[in-house]
Amino acid sequence: MEEYEKRKIKDCIYNIQDKLEAIKNEISLNKPYKYYILEKIEPIIIDAKCIKSICESEDN
C-alpha cells in the first residue's frame, strides 16, 4: 500500500469517527432529528466505499 493511500484511509477514518460522534450526540437528545442522522450517514458511506476501493485496488 502506498503512503498516499494510507493517508487517504486515515482521512476517511477521521471523517467517519467525526460523523459517528455527531450521530452519537444526536441520539442522546430527547428528540433526535432523523434527517440530521441521515445527513451524517451519507458521508460515512462514501468514506467507507473509498476505503474499500483503495483496498480492492490491484496494486496491493
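For the structure, check the block above.
Residues numbered from 1 in each chain as written. Predicted model: local features only at pLDDT ≥ 70, side-chain atom pairs only at ≥ 80, totals over all residues. Heavy atoms only, no water.

Visitor: Looking at this model, I keep getting lost on helix H1 (residues 3-27). Mind explaining?
Guide: Because the α-helix completes a turn every 3.6 residues, residues three or four places apart line up on one side. Relative to the 36 Å expected for 25 residues at 1.5 Å per residue, H1 spans 36 Å between its end C-alpha atoms, a close match to the ideal helical length. For H1, the full list of buried residues reads Glu5, Ile9, Cys12, Ile16, Lys19, Ala22, Ile23 and Glu26. If you follow the buried residues of H1, they end up packed against helix H2 (34-56). (Helix = DSSP H or I, 4+ residues; strand = E, 2+ residues; numbered from the N terminus. Expected span 1.5 Å × (residues − 1). Buried < 20%, exposed > 50% of the residue type's maximum accessible area, 1.4 Å probe, protein only. Contact = heavy atoms within 4.5 Å.)

Visitor: I would appreciate a short explanation of the pattern of salt bridges in the present structure.
Guide: Any two side chains of opposite charge can pair, so long as their charged atoms come close to each other. Summed over all chains, the structure comprises four salt bridges. Ionic pairing is found between Lys6 and Glu3, a salt bridge with its closest N-O pair at 3.4 Å. On the criterion of helical spacing, the pair formed by Lys6 and Glu3 is a turn pair, its members being three residues apart in helix H1. You can call Glu3 partly exposed: its relative accessible area is 48%. As a salt-bridge pair, Glu56 and Lys52 come within 3.7 Å of each other at their nearest N and O atoms. Taken as a pair, Glu56 and Lys52 lie in helix H2 at a separation of four residues, close to a single helical turn. With a relative accessible area of 54%, Glu56 lands in the exposed category. (Salt bridge = Lys/Arg side-chain N within 4 Å of Asp/Glu carboxyl O.)

Visitor: Which parts of the structure should I look at to understand the environment of Leu38?
Guide: Looking at the secondary structure, you find Leu38 in helix H2. Placed 15 residues apart in sequence, Leu38 and Ile23 show a C-alpha to C-alpha distance of 9.0 Å.

Visitor: Can you walk me through the packing of H1 against H2 in this structure?
Guide: Packed helices, taken two at a time, are described by their axes: the angle between them and the distance between them. The contact between H1 and H2 brings their axes to 9 Å, and the two run at 160 degrees. With respect to their mutual orientation, H1 and H2 come out roughly antiparallel. The two elements H1 and H2 meet at a crossing, and its hand is left-handed. (Axes fitted to C-alpha atoms, helices over the stretch in contact; angles between N-to-C directions. Parallel < 35°, antiparallel > 145°, perpendicular 65-115°, else oblique. Left-handed = near helix turned anticlockwise from the far one by under 90°.)

No statement about biological role is implied by the geometric values presented.
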